[in-house]
Amino acid sequence: MRSRQRMFAAVMRLLLKCLRLGRRRRFKLVRQAEQLWHYGHLCLRSLLYNSFTNGDVVLDSLFEPVYWLVDHVTRWFGVVFVALVIGLTSSIVAIVYICLLPLILQTYTPAWICWHLAYGHWNLIMIVFHYYMAITTSPGHPPQAKNDLTGVSICRKCIAPKPARTHHCSICNRCVLKMDHHCPWLNNCVGHYNHRYFFSFCLFMTMGCIYCSISGWEMFRDAYAAIERMKLLEKERLQVAANQTYYQTPPPTFSFRQRAFHKSVVYLWVLCSSVALALGALTLWHAALITRGETSIERHINRKERQRLLKKGKVSIAHGMGAGWGRARCNTPLSVLQVFRNPYSYGSWDNWKVFLGVDVPRHWLTRVLLPSPHLPHGTGLSWDLPPCVTEQRTPLLAI
């Protein structure tokens, strides 16, 4: 009896020890987990803490993997995108010449025939010329050797002189003069020497797509209705053929040529309308940037600088809203309030003249409405006042 009591007491003591050890280990694991959590939280805050951190910095950090993916994918698929542009454009031109042009010559009046032939071929020539020049013209790169340019910084990535408005392209792995962006549809950077070609291609391609969409609207409606009738008649023909033998099957209601014609018209209208909407929005965006005398990169830089100065109270909201348009819009003395202004803006009208290279009135015809390979103003290394600017800029403080 005593031996059983001793054994029972020993078992109970052993169980109590196990429970105590389990509690100690559990509490120890909880304490270790809490310590690791606090340590990780402290490390994370110490690594991410920055007095200059704002929503833009956080957004750029979140999109950094996307930027890396785009840089590496664009580098290899640029040729594919160029081939896609050439293929789609060639298909539209082939449909117009094979399907629509004979119909236009048969049904339209001589005046409308002349209009379509003149405008269509002029627009096509402008699209082909500017796209070819945009993909074959180098955007411009700064010299690698030391030079006598004043105010030139050093690029941190390629360790070379970096003039004003020059930025490093991670896809081309080179600095580009007056870089706007790297365009995968050109497989080339958009910079100082081909920026005009890029914008002109976008403009004339949008105009051509709008022209095709408006001109082919009635044809599209007729072709879409014909395709619906084809589907209905084909369904009825199959229902009749199901109760007949092979030799009694009726022939198809529409020929292959008729089907191809109607489907080609629908394809042309849908593709041109989609491109007109997408490319038209991009063209308007770049037109607004050109009006302000900025590039896509400079707009981002100027906006952040304007916000920083607004927070410090160095510029007013009116000055900040008017930045980039070339002239101040208030009478506040410079000694009282600094004025933020884009130093490369000469006013809306002069910005367009500088961008298009219009020095005299006849250049609007020879350099804008006709293909022209003329070079832009300046070398992209320094930014002196172009000769086509009508008024001298107001001597404001440029931040």
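Residues numbered from 1 in each chain as written. Predicted model: local features only at pLDDT ≥ 70, side-chain atom pairs only at ≥ 80, totals over all residues. Heavy atoms only, no water.

1. Some thoughts on helix α7 (residues 256-292)
The periodicity of an α-helix, 3.6 residues per turn, causes residues three or four positions apart to be oriented the same way. Counted only if it meets this: Strands are runs of DSSP state E lasting at least 2 residues, helices are runs of H or I lasting at least 4, and numbering of each runs from the N terminus. Expected helix span is given by 1.5 Å per residue-to-residue step, counting one fewer step than there are residues.
When the terminal C-alpha atoms of α7 are compared, their 53 Å separation across 37 residues agrees well with the 54 Å that a helix rising 1.5 Å per residue should span. One or two residues past the end of α7 sits G293, with phi positive at roughly 70 degrees.

2. Quick notes on a nonpolar patch on the surface
Defined as follows: Residues qualify for a patch when their relative accessible area is over 30% and they have no salt bridge, like charges being joined within 9 Å and the nonpolar side chains of Val, Leu, Ile, Met, Phe, Trp and Tyr within 5 Å. The Shrake-Rupley method, run with a 1.4 Å probe, gives the accessible areas here. Residue values count only the displayed protein chains as cover. Salt bridge, as used here: a side-chain nitrogen of Lys or Arg that lies within 4 Å of a carboxyl oxygen of Asp or Glu. A simple rule labels every residue: compare its accessible area, found with a 1.4 Å probe on the protein chains alone, to the largest value its type can have, and call it buried under 20%, exposed over 50%, or partly exposed in between.
A surface patch of nonpolar side chains, amounting to about 550 Å² of accessible area, comprises V58, L59, L62, F63, V66 and Y67. Broken down by element, the nonpolar patch gets its largest block of residues, three residues, from helix α2 (residues 55-62). Structurally, L59 can be placed in helix α2. Judged by its relative accessible area of 45%, L59 falls in the partly exposed class.

3. Structural notes on the UniProt feature "transmembrane region" (unreviewed entry) in the protein chain
Cut-off, in case you're wondering: UniProt positions are given in the numbering used here, feature names are shortened, and annotations may be inferred rather than shown by experiment.
Here, the residues flagged by UniProt with the feature "transmembrane region" (unreviewed entry) are residues 76-100, 112-133, 197-220 and 265-288. Annotated as residues 112-133, this span is 100% helix and 0% strand, and its ends, taken at the C-alpha atoms, are 31 Å apart. Here residues 197-220 runs as 96% helix and 0% strand, with 32 Å between its end C-alpha atoms.

4. Quick word on unusual backbone geometry
The phi dihedral of R165 is positive, around 70 degrees, even though this residue is not glycine. With respect to the element layout, R165 can be found in the loop between β2 (161-162) and β3 (167-169). For N187, which is not glycine, the phi dihedral falls at a positive 55 degrees. Tracing the chain through its elements places N187 in the loop between β5 (181-183) and β6 (188-190).

5. Section: the nonpolar core
As a reminder of what qualifies: Within this scheme, the nonpolar core is defined by two criteria: the residues are buried Ala, Val, Leu, Ile, Met, Phe, Trp, Tyr or Cys, and they are joined through side-chain atoms within 4.5 Å.
If you look at the biggest cluster of nonpolar residues, it comprises 36 residues, and the most contacted ones within it are Y131, L186, F198, F201, M205, L268 and C272. Those elements giving two or more residues to this core turn out to be α3 (64-107), α4 (110-136), α5 (195-215), α6 (217-241) and α7. Looking at which element gives the most residues to this core, the answer is α5, with nine residues. By size, the runner-up hydrophobic cluster in this structure holds eight residues, among which are A287, I290, L356 and V358.

6. Quick look at the side chain of H168
Going by this rule: Whether two residues touch is decided by their heavy atoms; if any such pair falls within 4.5 Å, the residues are in contact.
Residue placement: H168 occurs in strand β3. With residues near it in sequence (within four places) discarded, H168 still touches C155, K157, C158, N173, R174, C175 and M179.

7. Some points on the packing of aromatic side chains
Centre distance and the angle of the planes are the two values used to describe a pair of aromatic rings. For clarity, the threshold we go by: The criterion for an aromatic pair is that two Phe, Tyr or Trp rings (for Trp, the six-membered ring) have centres within 6.5 Å, with stacked assigned to planes under 30 degrees apart, edge-to-face to planes over 60 apart and tilted to the rest.
Tallied over the full model, the rule gives 16 aromatic pairs. Residues Y131 and F201 carry aromatic rings whose centres are separated by 4.7 Å and whose planes lie at 45 degrees to one another, so their mutual orientation is tilted. Residue Y131 is located in helix α4, and its partner F201 is located in helix α5; the two are separated by 70 residues in the primary sequence. For Y131, a relative accessible area of 7% gives the class buried.

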